[in-house]
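# Close look at the chain arrangement
Here's the letter readout for the chains.
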Amino acid sequence: GLGIDDVGRAEVQRDLAATLQRIADQGPRGFYEGPVAQQIIDFIQAAGGPMQLGDLLAYKPVVRWPLQIPYGGHTVLAFGPPSSGGVALAQILGLLMRVGWGAEPLLSADEVHLYAEAARRAFADRATHLGDPAYHDVPVDTLLSGPHLDALAKTIDHSRATPSARFGPALSGEPEHDTTHLSVVDRFDNAVSLTTTLEQAFGGKAIAGRSGVLLNDQLRDFNRIPGQTRAVGHIGTESNLAAPGKRPLTSMTPIIVVHDGHPVLVTGSPGGRTIINTVTRLLLSVINRGLRLTEAVALPRVHHSWFPDVIVAEPGALSAEVIAALEARGHVVRVAEAKGPLLGSQGCANSVAVDLETGLRTAVGDPRRNGWGAVADLP
């Protein structure tokens, strides 16, 4: 990895470079066995952590088929459990279709109201049911079934917000993330939508010995206190409690939208729970509303995640009149403060669109986090 110091001189992370070279030479064994693995375990144990070398040796990635969601004559390939992103996206799309969403101007009171109502119900199901399918029976088919979505859609009032407490697990009383996303399409229509996370910025803020490996703090993605689900957004349902070997629930929502086997949209985003709404609304803007990718990425964003029971809007996303109309329907609206390095922005949807008639690829880097797009002419 390269960084630039305060006098502009490139500095090489030599420890990390050696680790990456070992992985290049030896494959997974170069990380999960040998000196790199020992450096990680020694560091964690010295800090009081219980991880042992056998835990690294026992880890194996799990390959699962993506969800296939029909929408607008296309198929959306999305991340299934242990990510909540694909299920929530499919539920929101299904609910919006059932309540007639699509005619209202984007970011109008009617449009945002219906979207928020669909999102709150999807996030309530997320809190109740979703987790690692190796440890918990995740009822994906039921959650995406017609009868379930029909029943949820019937609870949506076009003129009034529904309190979030009516859905999801019962409350028991009263996050900045550093995920990143890239989207790629090559000349042969091979597409990659990749989201990766360290959880908070710089993860656990610790490098394991001389390995150069930055440790994450993704244990935060497990539900924090068993049985404690609170209005501030903490969830304590059994489906996502920590257990040995268990993968935590995430909100990552990388998607590839295909038509007749060809990719037409590849996108995803960082942003914790806001990821689901960022990706869903970008998808809706491109496929349902016909916006160009540059317009869809630039469109101001809103977010609702069941609890906290509030619509969060980027600065400038909603006019004063729209906010007043939403509040009159019973919503709580909060405009994110334009402070810090992200200035109250939501996500970073670095995306690629493909025009099937011309084959033209459009890569759009989201300016919210200095995203960028590029074309590489490779042999």
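The preceding data block contains the structure.
Structure report, in brief. Just so it is clear, the structure is predicted and the values come from calculations on it, not from any experiment. (Residues numbered from 1 in each chain as written. Predicted model: local features only at pLDDT ≥ 70, side-chain atom pairs only at ≥ 80, totals over all residues. Heavy atoms only, no water.)

### A look at the pattern of salt bridges
Between side chains of opposite charge, a pair can form when the charged atoms approach closely. Quick note on the threshold: In the sections that follow, a salt bridge refers to a side-chain nitrogen of Lys or Arg positioned within 4 Å of a carboxyl oxygen of Asp or Glu. Exposure classes here rest on a 1.4 Å probe applied to the protein chains alone. A residue is buried below 20% of its type maximum, exposed above 50%, and partly exposed in between. Helix numbers and strand numbers start at the N terminus; a helix is a DSSP run of H or I with at least 4 residues, a strand a run of E with at least 2.
Enumeration according to the criterion identifies 15 salt bridges in this entry. Salt-bridge contacts for Arg120 lead to Asp309; the nearest nitrogen and oxygen are separated by 2.6 Å. By relative accessible area, Asp309 is classed as partly exposed at 27%. The partner of Asp189 in a salt bridge is Arg361, and the shortest N-O contact between them spans 2.6 Å. Taken as a pair, Asp189 in the loop between strand E5 (177-185) and strand E6 (191-200) and Arg361 in strand E13 (residues 361-364) lie far apart in primary sequence, 172 residues in all. Here Asp189 falls in the partly exposed class, since its relative accessible area comes to 23%. Arg361 gets classed as partly exposed once you look at its relative accessible area, which sits at 29%. Counted as one network, the salt bridges with shared partners bring together Glu117, Arg120, Arg121 and Asp309.

### A few points about the packing of helix H5 (residues 85-98) against helix H9 (residues 274-288)
Put simply, the test is: Lines are fitted to the C-alpha atoms to define the axes, a helix being fitted only along its stretch in contact, and any angle between axes, read from their N-to-C directions, falls within 0 to 180 degrees. Geometric relationships in this document are graded by angle, where less than 35 degrees denotes roughly parallel, more than 145 denotes roughly antiparallel, 65 to 115 denotes roughly perpendicular, and other angles denote oblique. Whether a crossing is left-handed or right-handed is set by the direction in which the near helix is turned from the far one by less than a right angle, anticlockwise for left-handed and clockwise for right-handed. Throughout, a residue-residue contact means that at least one pair of heavy atoms, one from each residue, lies within 4.5 Å. When residue character is reported, Ala, Val, Leu, Ile, Met, Phe, Trp, Tyr, Cys and Pro are called nonpolar, Asp, Glu, Lys and Arg charged, and the others, Gly included, polar.
At a minimum axis separation of 10 Å, H5 and H9 run at an interaxial angle of 45°. Considered as vectors, H5 and H9 are oriented oblique to each other. As H5 runs across H9, the sense of the crossing is right-handed. Contacts between H5 and H9 involve Gly85, Ala88, Leu89, Ile92, Leu93 and Leu96 on the former and, on the latter, Ile276, Asn277, Val279, Thr280, Leu283 and Leu284. Within the contact of H5 with H9, the residues separate by chemical class into nine nonpolar, three polar and no charged.

### Side note on the sheet that holds E13
Put simply, the rule reads: Paired strands, as defined in this entry, are two strands with at least two bridges between them according to DSSP.
Strand order in this open sheet of six strands is E3-E4-E7-E8-E12-E13, and the pairing throughout is antiparallel. One side of each edge strand has no neighbouring strand; the edge strands of this open sheet are strand E3 (67-71) and E13. Strand after strand, the sheet turns through a mean of 25° between neighbouring axes, direction not considered. In this sheet, E13 lies alongside strand E12 (residues 351-354) in antiparallel orientation, the contact comprising four bridges. For Val354, the partnering residue across the bridge sits in E13 and is Arg361. Of the strands in this sheet, E3, strand E4 (74-78) and strand E7 (255-259) are in contact with H5, which crosses E3 at around 20°. Across the sheet, H9 is in contact with E3, E4, E7, strand E8 (262-267) and E12; its angle to E8 comes to roughly 140°.

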